[in-house]
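Here's the letter readout for the chains.
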Amino acid sequence: MGVGALNKRVAVFLDRDGIINRNVMNPSTGIWESPLTVEDFEMMPNALIALRALQKEGFLLFVVSNQPNYAKAKATLQTLESIHRSLLHILSKEQIEFAAFYYCLHHPHGVVPEYSGTCSCRKPSPFYLFQARDEYYLDMEHSWMVGDRDSDIECGQAAGVRTIRVFNKEESDGADSGETHADFHADDLEAATKIILGALRTC
Ligand SMILES: [Mg+2]
Ligand SMILES: [Zn+2]
């Protein structure tokens, strides 16, 4: 019996950059960042295999992603939209369906006024996870958050889901304190998926 047969649905919330698609080295800052052009948008190896396995098991899939590059005037809204469309296209070719894509476009220190300052949706806020819980009638205790930053793990913890920290050695931005302790650690989304599917057999 797949988890989808239960009354409440279970979900995997996924950070996007560094989990589903690769981060990109910004030579001017020396930091791995989200892609700034469609050309730079590239899937992580085995991400599609992992997503398909989660979907097959009945998990609802959600992207929860902070995308402040328009707020910071580093990308246009059209570029962010095209990158999203590119992801949608890749997923649809593989028959992978996400329940929703939640993007926070704000940044506390942005320069575009409508998108700058504090907001309620930027991770680590659990805002979107609660929205999904209410909208999709989710069993949060058996749902998961997978991300590569402290803010992803803190977001998952605040929402009461289990957390997996992906430590991407190749593209680590070194920006995190490492003081946020996830329930599990994995090298990539495929390894995280094995943890999630493994937990189904034991609980
Ligand atoms: Mg990330
Ligand atoms: Zn926001």
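All figures in this text were calculated on a predicted structure; none of them were measured in a lab. (Residues numbered from 1 in each chain as written. Chains lettered and ligands numbered in written order. Predicted model: local features only at pLDDT ≥ 70, side-chain atom pairs only at ≥ 80, totals over all residues.)

Undergrad: Just to check I follow, could you spell out the overall build of the protein chain for this structure?
TA: Regarding its fold elements, the protein chain presents five helices and eight strands. For the protein chain, the N- to C-terminal ordering of α and β elements is β-β-β-α-β-α-β-α-β-α-β-β-α. Over its C-alpha trace the protein chain gives a radius of gyration of 16 Å, about what one expects of a compact globule, namely 17 Å for 203 residues. For the C-alpha atoms alone, the extent of the protein chain along its principal axes is close to 50 × 30 × 30 Å. Taken across its 203 residues, the protein chain has 39% of its residues classed as buried. (Helix = DSSP H or I, 4+ residues; strand = E, 2+ residues; numbered from the N terminus. Rg over C-alpha atoms; globule rule 2.2 N^0.38 Å. Buried ≥ 20, exposed ≤ 12 C-beta atoms within 10 Å, placed from the backbone.)

Undergrad: Got a minute to help me understand helix α3 (residues 127-136) in this structure?
TA: Structurally, the α-helix is built with 3.6 residues per turn, so residues lying three or four positions apart point the same way. Taken residue by residue, α3 has Tyr128, Leu129, Ala132 and Arg133 as its buried positions. Looking straight down α3, one finds that the buried residues subtend no more than 145° of arc, so they occupy a single side. Exposed and facing more than 90 degrees away from the buried side of α3 are Asp134 and Glu135. Residues of α3 that are buried sit in contact with β1 (11-14), β4 (60-66), β5 (100-104) and α4 (150-159). (Arc of directions from axis to C-beta. Contact = placed C-beta atoms within 7 Å.)

Undergrad: Please clarify how unusual backbone geometry should be interpreted in this entry.
TA: Leaving glycine out, the prevailing phi sign among residues is negative, and the prevailing peptide bond configuration is trans. In this structure, the amide linkage connecting Lys123 to the following residue, Pro124, adopts the cis form with an omega of 15°. Its place among the elements puts Pro124 in the loop between β5 and α3. Backbone geometry at Asn46 places phi at a positive 70°, although glycine is not the residue there. Its location among the elements puts Asn46 in the loop between β3 (31-33) and α1 (47-56). Taking the C-beta count within 10 Å as the criterion, Asn46 has 13 such neighbours and is therefore assigned partly exposed. Phi angles above zero are rare outside glycine, and Gln95 is one such case at about 55°. For Gln95, the position within the fold is in the loop between α2 (77-93) and β5. C-beta crowding within 10 Å serves as the criterion here: with 8 such atoms nearby, Gln95 is assigned to the exposed category.

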